[in-house]
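What follows is each chain in one-letter form.
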Amino acid sequence: MKINITADIKSTVCDILVINQFEGEKTTEELANKYAIDEDKFEGKLGTTYLLPTYGKQAARKILVLGLGKKEELNTDKFRIAVYKAIKKAMQMEAKKVAFEFTGVDFNWAEQFVYGSYMADYSFDKYKTKKDKKVEEIYVNCDEGLLRRAEIVTSGMKLTRDLANEPAQFATPSKLAEIALGLGLDTKVYEKEDCEKMGMGAYLAVAKGSSQPPKFIHIKYTCPNPRKKIAIIGKGITFDSGGLDIKPPASMLTMRDDMSGAACVLGIMSKINELKPDVEVHGIIAACENMPGCSAYKPGDILTAKNGKTIEVDNTDAEGRLTLADALCFACEQGVDEVIDIATLTGACMVALGNVAAGIVGNDCDMVHNIINAAKEVGERYWELPMYEEYKDSLKSEVADMQNTGSRWGGASTAGLFLKEFVKDAKWAHIDIAGVAFMDKPMNEFIKGATGAGVRALINYISK
Ligand code: BES
Ligand code: MG
Ligand code: ZN
């Protein structure tokens, strides 16, 4: 799909011209007059569409009216979703060229238009012999700078979504490392032996049950006089079977998405040379599989993380925090000001917030709130969870400094407190995307499957 800027939408040659109508405004009558037709049937509810009968008076072009809901209630999120719906409708109608003309939309909608459009264009059909039909050309009149920048972001999201949608047989730790090395950035991949030397006993324990070798990935973007230095760590469990504490089939089914955090890091880093933020960015992924093989780590094992802290394994399915523990230690050693980890970490976060919002915790109020606001601006929802000290009680171990799992209750907060033990001298935020990284059915601008969670939000955050 290609988006073209055209000042003269009226005379653009296209299959469908999309025009908008607000709910409760009798604009179809005006529209009918404008296009010399006589219909007035459409209510303009948000995201609904109505094909205006043009009685041959508009040559080959069809006119699709897009409802934007009540004018005073329209916001950037609603606008984006409406654009998505319009393009999906155009696809159903097998249109190839679609022009858009918006009237009465008061905010600068260029970015949201791009997000909505590319979300509608997205499909994961590489393994299907019959491909989805797509819109090829879009014509619109908007701010070109904003449009092109949003295109860079959506193209990062596409990589993220593709990787998270890929079956685990393809998206292995080695594959993630190969992709990272191909980004044209300063990238180092640490092998198992290197990680042993670095003392990453928590991460390596998780990798033990799999025949896929672990790959610890460090991608670095530098710029002259960086305003600050940030590390973004993505959970990179390329398949989470649960390990010896194996998951039931229904819970395991989508666990190829357990590297969505890693895919987010790769999506961001793949575009960083084009985005050129004035910030140093380290992308870090401790990639491995969590499998119940004969050398798998076992419940009751005691692990030593990179910072020397010992962890009793009380559940092998709480593996993400073990891999993140060593990654957090590594990130803090890079001398960064801020560390953000993004992870499909807990089912508990999904129970708390559903698939509507990600959970966020951190050790610095301002940083957490700035991330929440940056996310909101681009259409992602992050909700702060508490990190009361009491949650930590359940992480107490009789035999080690802590255990990895703790109580079911408040599980997302407990996981946050566990991670905090591995953060040294940096501002830190942890984003739990377990609920939002992967949709089990279409929602808003997403089809079933990976959503690219975190890409829009974190690019916006690092660009500020
Ligand atoms: N990868 C899962 C969390 C998850 C659940 C992600 C659902 C996406 C959707 C994580 O490794 C996990 O298994 N967590 C356990 C932790 C428990 C054993 C403390 C969970 O949430 O059940
Ligand atoms: Mg698990
Ligand atoms: Zn997991």
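Preceding this paragraph is the structure being described.
Sequence positions are assigned chain by chain, starting from 1 and proceeding in written order. Whichever chain is written first becomes A and whichever ligand is written first becomes 1, with later ones labelled in order. Confidence filtering applies because this is a predicted model: local features only for residues at pLDDT of at least 70, side-chain atom pairs given and counted only at 80 or more, and all residues used for totals across whole chains, interfaces and linings. As a convention, hydrogens and water are excluded, and side-chain values are obtained from all of the structure's heavy atoms.

Participant: Got a minute to help me understand the coordination of the zinc ion (ligand 3) in this structure?
Facilitator: Note on metal sites: the ideal angle is 109.5 degrees for four tetrahedral donors, and 90 or 180 degrees for six octahedral donors. Because no water is among the atoms considered, metal sites can look incomplete, with donors defined as N, O and S atoms within 2.8 Å of the metal, or 3.2 Å for Na, K and Ca. Taken together, the protein donors to the zinc ion (ligand 3) comprise Lys-235 (NZ), Asp-240 (OD), Asp-258 (OD) and Glu-319 (OE), at separations of 2.0 to 2.4 Å. Taken together, the six donor atoms coordinating the zinc ion (ligand 3) and their angles of 78 to 175° define a geometry best described as octahedral. Of note, the donors binding the zinc ion (ligand 3) are all from one chain and are spaced K-x4-D-x17-D-x60-E. Taken as a pair, the zinc ion (ligand 3) and the magnesium ion (ligand 2) lie 3.2 Å from each other and share Asp-240 as a ligand. Here Lys-235 is found in strand β9 (residues 229–240), whereas its partner Asp-258 is found in the loop between α8 (249–252) and α9 (260–269), with 23 residues between them in sequence. In terms of burial, Lys-235 and Asp-258 fall into one category: buried. Irregular is the label for any site that misses the other tests, which are tetrahedral for four donors with all angles between 85 and 135 degrees, and square planar for four donors or octahedral for six when opposite donors exceed 155 degrees and the remaining angles lie between 65 and 115. Only DSSP runs of H or I with at least four residues qualify as helices, and only runs of E with at least two residues qualify as strands; both kinds are numbered from the N terminus onward. A 1.4 Å probe rolled over the protein chains alone gives each residue an accessible area, and that area as a share of the maximum for its type sets the label: buried under 20%, exposed over 50%, partly exposed in between.

Participant: Looking at this structure, I do not really get helix α3 (residues 110–121). What am I missing?
Facilitator: For the α-helix, the turn length of 3.6 residues means that residues three or four positions removed from each other point alike. How far a helix is expected to stretch is found by multiplying one less than its residue total by 1.5 Å. Here α3 contains 12 residues, and its C-alpha end-to-end distance of 17 Å stays within 8% of the 16 Å for a straight helix at 1.5 Å per residue. Among the 12 residues that make up α3, 11 are buried, leaving the element largely enclosed by the rest of the structure. Every buried residue belonging to α3 is among Ala-110, Gln-112, Phe-113, Val-114, Tyr-115, Gly-116, Ser-117, Tyr-118, Met-119, Ala-120 and Asp-121, and all of these are buried.

Participant: Any chance you could explain the coordination of the magnesium ion (ligand 2) here in plain terms?
Facilitator: Looking at the magnesium ion (ligand 2), the protein donor atoms are Asp-240 (OD), Asp-317 (O), Asp-317 (OD) and Glu-319 (OE), and they sit 2.0 to 2.2 Å from it. Classification of the site at the magnesium ion (ligand 2) rests on its six donor atoms, whose angles at the metal span 71 to 168°, yielding the label irregular. One chain supplies every donor to the magnesium ion (ligand 2), and in sequence these donors are spaced D-x76-D-x1-E. According to the relative accessible area criterion, Glu-319 is buried, its value standing at 0%.

Participant: In this structure, what is going on with the layout of surface pockets? I would like to understand it.
Facilitator: To locate leftover empty space, one rolls a probe as large as a water molecule over the atoms. For each structure, a 1 Å grid was placed over the protein atoms alone; sets of points admitting a 1.4 Å probe that cannot get out are labelled cavities, open sets with protein on both sides within 12 Å along at least five of seven lines are labelled pockets, and lining residues have an atom within 4 Å of a point. Grid points are joined across faces, edges and corners, and a volume is the space filled by probe spheres set on the points. In this model, the largest pocket occupies a volume close to 1,200 Å³. What lines the largest pocket is a set of 46 residues, and nearest its centre among them are Lys-247, Thr-346, Gly-347, Ala-348 and Met-350. Mapped by element, the contributors of at least two residues to the lining of the largest pocket are β9, α8, α11 (320–332), α12 (347–353), α14 (411–420) and β18 (438–439). When residues in the lining of the largest pocket are grouped by element, the largest group, five residues, is from α12. Put simply, Ala, Val, Leu, Ile, Met, Phe, Trp, Tyr, Cys and Pro go in the nonpolar bin, Asp, Glu, Lys and Arg in the charged bin, and everything else, Gly too, in the polar bin. Here the residues of the lining of the largest pocket sort into 18 nonpolar, 15 polar and 13 charged. The space that makes up the second largest pocket amounts to roughly 350 Å³. Contributing to the lining of the second largest pocket are 27 residues, with Gly-379, Arg-381, Asn-444, Glu-445 and Phe-446 lying nearest its centre.

Participant: What am I meant to see in the sheet that holds strand β4 (residues 62–67) here?
Facilitator: Strand pairing in a sheet is mediated by backbone hydrogen bonds. Such pairs are either parallel or antiparallel. Paired strands, as defined in this entry, are two strands with at least two bridges between them according to DSSP. Taken in spatial order, the six strands of this open sheet run β1-β6-β5-β2-β4-β3, and their pairing is mixed. Single-partner strands in this sheet number two, and they are β1 (2–5) and β3 (49–52). Put simply, the sheet's adjacent strands are angled 25° from each other on average, direction ignored. Direction of pairing for strand β5 (residues 97–101) relative to strand β6 (residues 137–140): parallel, over a ladder of three bridges. What counts as an axis is a line fitted to C-alpha atoms, over the stretch in contact for a helix, and the angles between N-to-C directions run from 0 to 180 degrees.

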